[in-house]
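Secondary and tertiary structure notes
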Amino acid sequence: MMQDMGEWQPVQLPAARTFEIRSRRTGETYRVLVRLPSEPPPPSGYPTLWMLDGDASFPLIFSQPAHGLFPKTSAGDRRGLTVAIGFPGGAPFDAPARSRNYTPKPDQETGDLVSSGFGGADDFLHFLTEELRPALCEHYPLDPARHTLFGFSYGGLFTVHTLLHCPFYFQRYWAASPSLWFSDAMMMRRLRQDAGSLTAERVVLTVGKDEQYATHALPAGRQDHLSKRAMVDNISEAAELIRKANPALKVELTVAADHDHFDMLLHGVRRVKAMAFGESEIDG
């Protein structure tokens, strides 16, 4: 006999709101998910964590207990605003929209075997900082000196691109497994030429060791694909280039053992809140 499960209800996340907004600059509509602080704003305004791939990253910020084991992190959540930007429809990853919005204009073959539209990073950055940010400021005071940008994969590429081209928009950057292979490693070529004069306070670059140096057997051709993209080598070199060119900038690199590409999304989300909301330590 089938058990009566009663009326099904939608799943809700605590202190979370969502809305859609159309960008004048890009012509696209974005889904914005916001975790609201429960405490009044500090005199300077709320510190703000900006997260890309919102429909994938936003639910993960609720993966830690609200009390008890992580009191510092939960206190930070109450004092800060989390803004995650996704795309209509609610899919965790919208591949065409990601490639359009998160990638800089390529100067070589992209190396992307899935998508066909690229190069909208500058327009998307304008939407984030000149359209969405002022709209949120009408409802919540934001501290202009405490903006953190978090991106994963193509979102991580966007994060590094923003750091190098417009570092004044955010003070702290977390690039989780950034796709530095894009367009014949265009970002690496830029870094090797000039990685200096960055105005940020803190930069974190992370990558899973298995993204290049797998610890288990792989299907035929997969290791060649990983070797060609050289995620560990590129991201490690990028961190060193940024560090050497900017000795006053705090640059951190994590190569996470037994982690693959998608592991680094959860790895980053669980730790970036500490950086965004002021806790002093980030565990590796």
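The structure this text deals with has already been given above.
Summarised in this report is the structure supplied together with it.

Turning our eyes to something else, we now look at the overall build of the protein chain. Scanning the protein chain from N- to C-terminus turns up 9 helices and 8 strands. Taken against the 2.2 N^0.38 rule, which gives 19 Å for 284 residues, the C-alpha radius of gyration of the protein chain at 19 Å falls within 12% of a compact globule. The principal-axis extents of the C-alpha atoms in the protein chain amount to approximately 60 × 50 × 40 Å. Out of the 284 residues in the protein chain, the part that is buried amounts to 51%.

This part is about the side chain of Ser-99. On the secondary structure map, Ser-99 appears in helix H3 (residues 95-102). A distance of 3.0 Å separates a polar atom in the side chain of Ser-99 from the backbone oxygen of Pro-96. Ignoring anything within four residues of it in the chain, the contact list for Ser-99 reads Asp-112, Ser-115, Gly-117, Phe-118, Gly-119 and Tyr-154.

Looking now at the pattern of salt bridges. Considering all chains together, one arrives at 10 salt bridges under this definition. We note a salt bridge from Asp-123 to Arg-25, for which the minimum N-O separation is 2.9 Å. Placement of the pair is Asp-123 in helix H4 (residues 121-137) and Arg-25 in the loop between strand S1 (16-22) and strand S2 (29-35), with a sequence separation of 98 residues. According to the relative accessible area criterion, Asp-123 is partly exposed, its value standing at 30%.

Within this structure, the stated rule accounts for 19 aromatic pairs. Arranged with centres 5.3 Å apart and planes meeting at 70°, the rings of Phe-124 and Phe-158 form a pair that is edge-to-face. You can see Phe-124 sitting in helix H4 and its partner Phe-158 sitting in helix H5 (residues 154-165), a full 34 residues away along the chain. When sorted by exposure, Phe-124 lands in the same class as Phe-158, which is buried. Counting every residue linked through ring pairs, the aromatic cluster contains Tyr-30, Phe-87, Tyr-102, Phe-124, Phe-127 and Phe-158. Across from the ring centre of Trp-181, 3.6 Å away, lies the NZ or CZ of Arg-229, which sits over that ring.

Considering the arrangement of structural elements, one finds Asp-94 in the loop between strand S4 (81-86) and H3. Distance from Asp-94 to Asp-55, taken between C-alpha atoms, is 9.5 Å for residues 39 residues apart in sequence. Reaching out from Asp-94, the side chain makes a polar contact with the backbone nitrogen of Ala-97 at a distance of 3.2 Å.

We now examine the layout of surface pockets. Of the volumes computed, that of the largest pocket is approximately 700 Å³. Lining the largest pocket we find 28 residues, and of these Ser-153, His-225, Arg-229, His-261 and Phe-262 sit closest to its centre. At the level of secondary structure, the elements contributing two or more residues to the lining of the largest pocket comprise H3 and helix H7 (222-229). In terms of residues, the lining of the largest pocket owes the most to one element, H7, which gives 4 residues. For the lining of the largest pocket, a count of residues per class yields 12 nonpolar, 7 polar and 9 charged.

This part covers the state of the cysteines. By the definition in use, this model includes 0 disulfides. Cys-137 takes part in no disulfide bond, and the closest cysteine sulfur, belonging to Cys-166, lies 18 Å away. Of the residues examined, Cys-137 reaches a relative accessible area of 38% and is grouped as partly exposed.

The biggest cluster of nonpolar side chains holds 55 residues, and the ones touching the most others in it are Trp-50, Ile-85, Phe-124, Leu-132, Phe-158 and Leu-205. Considering every element that reaches this core, the biggest residue donor is H4, with 7 residues. If near-sequence neighbours (up to four positions away) are discounted, Leu-205 is found in contact with Val-160, Ala-175, Ile-235, Ala-238, Ala-239, Ile-242, Glu-252, Leu-253 and Thr-254. Formed by 22 residues, the second largest nonpolar core is a distinct cluster that contains Phe-62, Trp-174, Val-204 and Met-275.

Conventions adopted
Residues numbered from 1 in each chain as written. Predicted model: local features only at pLDDT ≥ 70, side-chain atom pairs only at ≥ 80, totals over all residues. Heavy atoms only, no water. Helix = DSSP H or I, 4+ residues; strand = E, 2+ residues; numbered from the N terminus. Rg over C-alpha atoms; globule rule 2.2 N^0.38 Å. Buried < 20%, exposed > 50% of the residue type's maximum accessible area, 1.4 Å probe, protein only. Polar contact = N/O pair within 3.5 Å; in protein donor to acceptor, adjacent residues only side chain to side chain. Contact = heavy atoms within 4.5 Å. Salt bridge = Lys/Arg side-chain N within 4 Å of Asp/Glu carboxyl O. Phe/Tyr/Trp six-rings, centres within 6.5 Å; stacked < 30°, edge-to-face > 60°. Lys NZ or Arg CZ within 6 Å of the ring centre and 35° of its normal. 1 Å grid on protein atoms, 1.4 Å probe; cavity = no way out; pocket = protein on both sides within 12 Å on 5 of 7 lines; lining within 4 Å. Points joined across faces, edges and corners; volume = space filled by probe spheres on them. Nonpolar A, V, L, I, M, F, W, Y, C, P; charged D, E, K, R; others polar. Disulfide = S-S within 2.5 Å. Core = buried A, V, L, I, M, F, W, Y, C linked by side-chain atoms within 4.5 Å.

The values reported here are purely geometric and, on their own, carry no functional implication.
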